[in-house]
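Chain and residue survey
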Amino acid sequence: MSTFKQEAIYQQAKKWVKEAGALIRQAIDQPREIDTKADANDLVTEMDKKIEQFFAEHIRHTYPTDRILSEEGFGDEVNDLTGTVWIIDPIDGTMNFVHQKRTFSISLAVYHNGIGEIGFVYDVMADILYHAKKGAGAYKNEKKLSPIADHKNLSESILMLNTFWCTSNNKVNDKKIRKLVQTVRGTRTYGSAALEFAYLAEGIVDSYISFKLHPWDLAAGVILFNEVGGKTVQANGKPLTFLNQDPMVSAHPDIIDEIINDYIELK
Ligand code: IPD
Ligand code: CA
Ligand code: CA
């Protein structure tokens, strides 16, 4: 029998996510210390670090044997998902946080022996918390999200993507992506992967492709989308690892195979 205390951990994590969001909101108009990481457009601020530290300290104090997989260096070196692993992006959409002061999120997931048990995606400025427990449905604040539509055609769907496929090391056949963009009804880019998964779960968009997401960008969002019947896999059709930067496709089950087979060709 599993010793994982899903409800108790969910309640505790929810409190921390809300508290962390309040810390960000209170300081939204303060001057920012902005650094860059992998490249000039990969931003990190003092707030990203402060929020990750906030979670790491609370988790280590309350759950000392759990491990933390997170973006800004306050977590552990995690190479497998045995036991309980917290997967955290303290601010997902730092570019939006810096430039727009909105449409960024806190993404926090709890995995137990590789299974996504609890997921939170918190739209901090809008005070909208998307949350899910495995097997208990997904919610937007207090409202339970409906299962996704019975049927979906690619030509009547909205695809989310960013432009990284044409700017960063060209991992995919861009002619095929172009064809996909011409096939769908429309495209959207929101700038926070975690929120993009939440929008999939809400049913306001139908698919999402991205080729370099880290585990902390998607770990919580995937749980939300699973709970309403969505599917997320690597771009080669295999299951996600939640450890690597897997090129991935997330979509309504009616259109995911078509996207993978007809439009995604990894180089
Ligand atoms: C980024 C955002 C963005 C996605 C990038 C991520 P960050 O996360 O989720 O929407 O396109 O791939 O790196 O750096 O703001 O946490
Ligand atoms: Ca992120
Ligand atoms: Ca981040």
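Residues numbered from 1 in each chain as written. Chains lettered and ligands numbered in written order. Predicted model: local features only at pLDDT ≥ 70, side-chain atom pairs only at ≥ 80, totals over all residues. Heavy atoms only, no water.

Remarks on the coordination of the calcium ion (ligand 3)
Within the protein, Glu 71 (OE), Asp 89 (OD), Asp 89 (OD) and Ile 91 (O) serve as the donor atoms for the calcium ion (ligand 3), at 2.2 to 3.1 Å. Between consecutive donor residues of the calcium ion (ligand 3), the sequence gaps follow E-x17-D-x1-I. A separation of 3.7 Å is found between the calcium ion (ligand 3) and the calcium ion (ligand 2), which are bridged by Asp 89. One end of the pair, Glu 71, is in the loop between strand S3 (67-70) and strand S4 (84-92); the other, Asp 89, is in strand S4, with 18 residues separating them in the sequence. Classification of Glu 71 as partly exposed rests on a relative accessible area of 24%. (Donors = N, O, S within 2.8 Å, 3.2 Å for Na, K, Ca; no water. Helix = DSSP H or I, 4+ residues; strand = E, 2+ residues; numbered from the N terminus. Buried < 20%, exposed > 50% of the residue type's maximum accessible area, 1.4 Å probe, protein only.)

Examining the site of ligand 1
Taken together, the neighbourhood of ligand 1 is formed by 13 residues, with Asp 92, Gly 93, Thr 94, Asn 162 and Ala 193 sitting nearest. Glu 71 is positioned such that a nitrogen or oxygen atom in its side chain is 3.3 Å from an oxygen atom of ligand 1. In the environment of ligand 1, an oxygen atom lies 2.8 Å from a nitrogen or oxygen atom belonging to the backbone of Thr 94. For ligand 1, the accessible surface in isolation is 380 Å², of which the surrounding protein chains cover 85%. The element best represented in the shell around ligand 1 is S4, accounting for three residues. Residue composition of the shell around ligand 1, grouped by class: four nonpolar, five polar and four charged. Two domains each donate at least three residues to the shell around ligand 1, and these are domain 1 (6-144) and domain 2 (154-263). (Near = heavy atom within 4 Å. Polar contact = N/O pair within 3.5 Å; in protein donor to acceptor, adjacent residues only side chain to side chain. Areas by Shrake-Rupley, 256 points an atom, 1.4 Å probe, with all protein chains shown as cover. Nonpolar A, V, L, I, M, F, W, Y, C, P; charged D, E, K, R; others polar. Domains from an automatic or database assignment.)

Overview of the coordination of the calcium ion (ligand 2)
Here the calcium ion (ligand 2) is held by Asp 89 (OD), Asp 92 (OD) and Asp 217 (OD), and the distances to it run 2.1 to 2.2 Å. Going along the chain, you hit the donors of the calcium ion (ligand 2) in the pattern D-x2-D-x124-D. For Asp 89, a relative accessible area of 1% puts it in the buried group.

Details of the pairing of S4
Most of S4 is tucked away: nine of the nine residues are buried. Across four bridges, S3 lies against S4 in parallel orientation. When the sheet's bridge partners are listed, Ser 70 is paired in S4 with Ile 88. Bridge count between S4 and strand S5 (residues 105-112): seven bridges; the pairing is antiparallel. Counterpart to Thr 84 in the pairing with S5 is His 112. (Pairing = 2+ DSSP bridges.)

What to know about the side chain of Ser 207
Within the secondary structure, Ser 207 is located in strand S12 (residues 207-210). Of the residues examined, Ser 207 reaches a relative accessible area of 0% and is grouped as buried.

Overview of unusual backbone geometry
Of note in this structure, Lys 101 is not a glycine but carries a positive phi near 55°. Examined against the element boundaries, Lys 101 turns out to sit in the loop between helix H3 (94-99) and S5. Even without glycine at this site, Phe 242 takes up a positive phi of about 60°. Topologically, Phe 242 is positioned in the loop between strand S13 (231-234) and strand S14 (248-251).

Section: the domain arrangement of the chain
Under the domain assignment, the chain is made up of domain 1 (6-144) and domain 2 (154-263). Put simply, the middle of domain 1 and the middle of domain 2, counted by C-alpha atoms, are 21 Å apart. Taken together, the 37 residues of domain 1 in the interface contact 22 residues of domain 2. Of the roughly 2100 Å² buried where domain 1 meets domain 2, counting both sides, 67% is carbon and sulfur surface. In this structure, the connection of domain 1 to domain 2 is made through one salt bridge. (Contact = heavy atoms within 4.5 Å. Buried area = accessible area lost by both parts, 1.4 Å probe. Salt bridge = Lys/Arg side-chain N within 4 Å of Asp/Glu carboxyl O.)

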